[in-house]
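# Tertiary structure, described
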Amino acid sequence: MSFPISASLLDAVVLSVLEAEDAYGYRITQQVRSKLNVSESTLYPVLRRLEKNGDLTVYDRAFDGRNRRYYAITPAGRQQLADYRRDWHEYCHGIESLLFGGEER
């Protein structure tokens, strides 16, 4: 069974991938796809949205005679990621209490 993945969750996942280091689009999609069942075409709009919102910056770097577009998290993006993590913790705690009847896990 599969649960739907919201836009906010995808934003949080992409920001968390970029927290450690800048990366180009294909690398980001491969990291996300190694854990979530999403298409590559789903992630590029996420990257554009995060850039538009000021959570990411974009720069080009030469690679094998071509430019490769890299994404970097901004200070605003780091704050947004912290907010997403807090919200995720609260969400998971609430869902687990419903699913498991208040059992400690």
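Residues numbered from 1 in each chain as written. Predicted model: local features only at pLDDT ≥ 70, side-chain atom pairs only at ≥ 80, totals over all residues. Heavy atoms only, no water.

## Concerning the pattern of salt bridges
The full count for this structure, using the stated rule, is 5 salt bridges. The salt bridge involving Arg49 is made with Asp11; its shortest N-O contact spans 2.6 Å. One end of the pair, Arg49, is in helix α3 (residues 40–52); the other, Asp11, is in helix α1 (residues 7–20), and 38 residues separate them in sequence. A salt bridge links Asp87 to Arg86; its shortest N-O distance comes to 3.3 Å. (Salt bridge = Lys/Arg side-chain N within 4 Å of Asp/Glu carboxyl O. Helix = DSSP H or I, 4+ residues; strand = E, 2+ residues; numbered from the N terminus.)

## Here we look at the side chain of Asp55
Within the fold, Asp55 resides in the loop between α3 and β2 (56–63). Here Asp55 is buried and forms no salt bridge, its nearest opposite-charge partner Arg49 lying at an N-O distance of 7.8 Å. Non-local contacts of Asp55, meaning those with residues more than four positions away in its chain, are made with Leu15, Leu50, Ala72, Ile73, Thr74, Ala76, Gly77 and Gln80. (Buried < 20%, exposed > 50% of the residue type's maximum accessible area, 1.4 Å probe, protein only. Lys, Arg positive; Asp, Glu negative; His and termini not counted. Contact = heavy atoms within 4.5 Å.)

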